[in-house]
Structures are given as C-alpha cells and as structure tokens.
Amino acid sequence: MITLVLHTENEELTDIAHRYWALDATGSWLETVTALSAAKNIPASKIPKYVHEASTAYLDDVLCKSCMEPYAVKNRADFNRLNNYNKKYTCKGCLKNEHDAEIQRQKDEDLIKKNLIHIELKKLSDREFDFSKISFMDAVYCHVIQEASGCSFYDEIGSIENGNFFITPTQSKTNEIFQNLFRKQILTISENSPYSAFNIDEDGTIKYTTSKVNWIFSNDARNLDKSIIHKIIYETLEKPDFQSLCNIWNKIAQDECESYFYEMCERYNLNNWSYTEKVAESIDYALNKYSIPQVWNFIFGEFKNLAALVQAKTYNKRHIENMFSGNIRRRVDRAVANGWNMTPWARRAFDRESYLTSFVFDNLFGGGNRDWDGITKSNVAIRAEEVVSASHF
C-alpha cells in the first residue's frame, strides 16, 4: 500500500522513516510516534520532520486521475484522511495544466465574444434615422440628452453609468428612454463601448446593458449637417402638441414620486420596500387632485407614521408596507373632503433636479415653480391647451 522512496543513506534516518511508515497486517500503524520517539530518544514533535527529510511515502492505490502518478502522503494524519474518505486526487502538475487550460479556454471564448460583438457594433454604426421626421416627444428626449451629457450630434454621448447624466428622476426611466430611442434608430451603440457591457446567450443572441454601453446619435438618413439637425430639433420643440404635453407631465409625475418614495425609504431605513404597481396606482390617485410636490407631502406624512409603527413593532414589516397604498388614498380623500390646504413640499437644497423635469416645467410649460406647484392630473389638459395655443417655448 505504501511505497517508500529514500533520500538519504543515513541509517538512523532511514530506520526512523521505515518504522514511521510501517503497517501491520490489519493496516494499522505498527508503532506509535510516542513509542518511536522514546526508542530513538528524539522529541515526538521532531519525528515527522526527520521522516520528511529522509523519505517520500507514496500511496500505491491513490493515483492522480489524470496522469496516474501515485499520491505523496504528507504524514500519518494525511494517510488516515485519504484511507478513510478519499481515494481520488489530482496532482499539482495536472492541476496547473487544468488551470492553464481553463485560462486559455476563457481567453479563446473572450476573443470569440469580442469578434462577434465587434461585427455587431459595425452593423449598428450604419444605422440611420431621418431627423426631419422626429416626433415632439423624441425631440424633447434628444434635447435633454444633449444638455445633460454636454454632447452634440455625432459626438459620443458615453455611458449612462459613467456620465451620471441625471436625465430623469430615476435610473429606470433614463434607461427606458435610451432603449426607446435605440429601437427607433435615433440612438445607436458606439463601437467604443466596453465589451463587459455585453453578454452572448447560448443561442448567439447579443444582449447589452443599457447603462454600461456608450451611446451615440445615429447618422441622418439624408446626411444632414449637425447644425441643421439642431435647427430641426428646436423647430420641433417650438410646436408642442397637446397630447405629448399631457403624457410627459404624467411620466414625470410618476417618476418624481417614485424617486421621492425611495428617498423616504432610505431616510427611514426601509430599504426593502418596493414601488409596486399598487403603490403607483395610489400615487396616481393622489396626482388626480394634487401636484407633484403636494403628493410628496402625502408620501412624507405616511412614511413618518408607518416608520413609527415599524419602531413600535405593533405589526410585522410586510403588513406595514402593505398599509401604504390604502393609507395614501384615505389621506387624499380626507384632504379633499375637508378642503385641506396641502403645502407643496420643497426639494431639498442639496438634491439635484433632473434635466427633463427642469426642461419640461421651465421651458415647455414655461411657468417654472408655478406650474411645478400647481399642475395636477385633472388640470394638466387645461395648462397644455394654453401652452399649445400660445406656442410658448
């Protein structure tokens, strides 16, 4: 079972090695280390050291699964472990070969991935869009992206993640805008995007992470100069349409309230709460009668009350989270019934306002804080009609 290879001709050391590794007929140790220590008048702690210097013990029945090299047992404890639990092993040389092969395999896969992505990006670089046919909403988004990124047409916008553009109140809405403009071929993915922003499915489909790729505006289908495209965008923005103004207020209203909801979650250490569809419906209910900053007032008050319940441990956290939507609706109903004057909640001085929010209220609606504090879902149509009639920009 054990083959002993000696490294010395010193008879004393070879005798220690033979006696250390000797087994009886049952496979048990013929002599204890304590007994060997006493016989040789050597401290027991030094026996393994002398044995290691004098010899190497190989287990004949424990072979490397790759090259069949027998296992070099370290000491008796190592022998007992292998004998009782494990008869399979991979030698250091084979482990290194496997490690090197895995590294090479990953390099080969990365090279194939990069080539596939490079080919796809080359195709995307040929995408075109006729900017003379851009819609009002898309013109708004293009303008805001340029303002936020500081880039012009045909300049690389960069990635959302690294640029910290703060185009919309929430990251998800910014991603959604970029994805929609990409689907319409208004935006395309730059060839300078990092390969880490892409994944390739088993079926070969290339997927990208919206916030990590670098973006650029697509080529104009008529090869217009960027100064002309700028002019087209501004001329489009000077002619707002009624439905677009209503839609964009609704989107900003929900997005601003979602952002404020998560701000309150962080403030009251309720980070496991989510802005669910049910929550969004209750916020939409409040926005029917109240402006965005007034709804913030409702949200703040409700978080303050629910956070107190969490501290009191009167109910479990999930139950308290589920209270939010119903409580907001009841607060709104009481406020309407009692004619409460809901103070518009101010944005904190150190909080940034998104570029889209600023542009919509300061430029499209044109009233700035007056429109921010006053427009609700029930009166946005009236305000939109006034803006369209005046063609205010």
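Above this text is the structure in question.
These numbers were taken from a predicted model, which means no experiment stands behind them. (Residues numbered from 1 in each chain as written. Predicted model: local features only at pLDDT ≥ 70, side-chain atom pairs only at ≥ 80, totals over all residues. Heavy atoms only, no water.)

What follows deals with the overall build of the chain. Helix and strand content of the chain: 16 helices and ten strands. A globule of 393 residues ought to have a C-alpha radius of gyration of about 21 Å, yet the chain, at 36 Å, is considerably larger. Projected onto its principal axes, the C-alpha coordinates of the chain cover approximately 110 × 65 × 35 Å. Contacts in the chain between residues far apart in sequence, at least 24 positions, make up 72% of those at least 6 positions apart. Approximately 21400 Å² of the chain is accessible, and the part contributed by carbon and sulfur atoms is 49%. Taking the average place of the 47 positive charges on the side chains of the chain and the average place of its 54 negative ones, the gap between the two points comes to 5 Å. (Helix = DSSP H or I, 4+ residues; strand = E, 2+ residues; numbered from the N terminus. Rg over C-alpha atoms; globule rule 2.2 N^0.38 Å. Contact = heavy atoms within 4.5 Å. Areas by Shrake-Rupley, 256 points an atom, 1.4 Å probe, with all protein chains shown as cover. Lys, Arg positive; Asp, Glu negative; His and termini not counted. Charge placed at Lys NZ, Arg CZ, Asp CG, Glu CD.)

Here we take up the state of the cysteines. A covalent bond bridging the sulfur atoms of two cysteines is what the word disulfide describes. Scanning the model with the defined rule gives zero disulfides in all. In this structure Cys-64 is a free cysteine whose sulfur lies 3.6 Å from that of Cys-94, the closest cysteine sulfur available. (Disulfide = S-S within 2.5 Å.)

What follows deals with the layout of surface pockets. Taken as a whole, the largest pocket spans an internal volume of roughly 290 Å³. Considering the residues around the largest pocket, the lining is formed by 19 residues, among which Ser-259, Tyr-260, Glu-263, Arg-348 and Asp-351 are closest to the centre. Those elements that place two or more of their residues in the lining of the largest pocket are helix 10 (242–267) and helix 12 (292–312). In terms of residue count, the dominant contributor to the lining of the largest pocket is helix 10 (seven residues). (1 Å grid on protein atoms, 1.4 Å probe; cavity = no way out; pocket = protein on both sides within 12 Å on 5 of 7 lines; lining within 4 Å. Points joined across faces, edges and corners; volume = space filled by probe spheres on them.)

Attention shifts here to unusual backbone geometry. Even without glycine at this site, Met-68 takes up a positive phi of about 65°. When you line up the elements, Met-68 lands in the loop between strand 2 (55–63) and strand 3 (70–73). Even without being a glycine, Asn-269 presents a positive backbone phi close to 55°. Relative to the elements of secondary structure, Asn-269 occurs in the loop between helix 10 and helix 11 (277–287).

Between its first and last C-alpha atoms helix 13 (residues 317–338) spans 31 Å; for 22 residues at 1.5 Å apiece the expected length is 32 Å, and the two agree. Along helix 13, the residues classified as buried are Ile-320, Glu-321, Met-323, Phe-324, Ser-325, Asn-327, Ile-328, Arg-331, Val-332 and Ala-335. On its buried face, helix 13 sits against helix 10, helix 11 and helix 12. The backbone nitrogen of Arg-318 has a side-chain oxygen 3.2 Å away, supplied by the residue at the start of helix 13, namely Asn-316. Phi turns positive one or two residues past the end of helix 13, at Gly-339, with a value near 65°. (Expected span 1.5 Å × (residues − 1). Buried < 20%, exposed > 50% of the residue type's maximum accessible area, 1.4 Å probe, protein only. Polar contact = N/O pair within 3.5 Å; in protein donor to acceptor, adjacent residues only side chain to side chain.)

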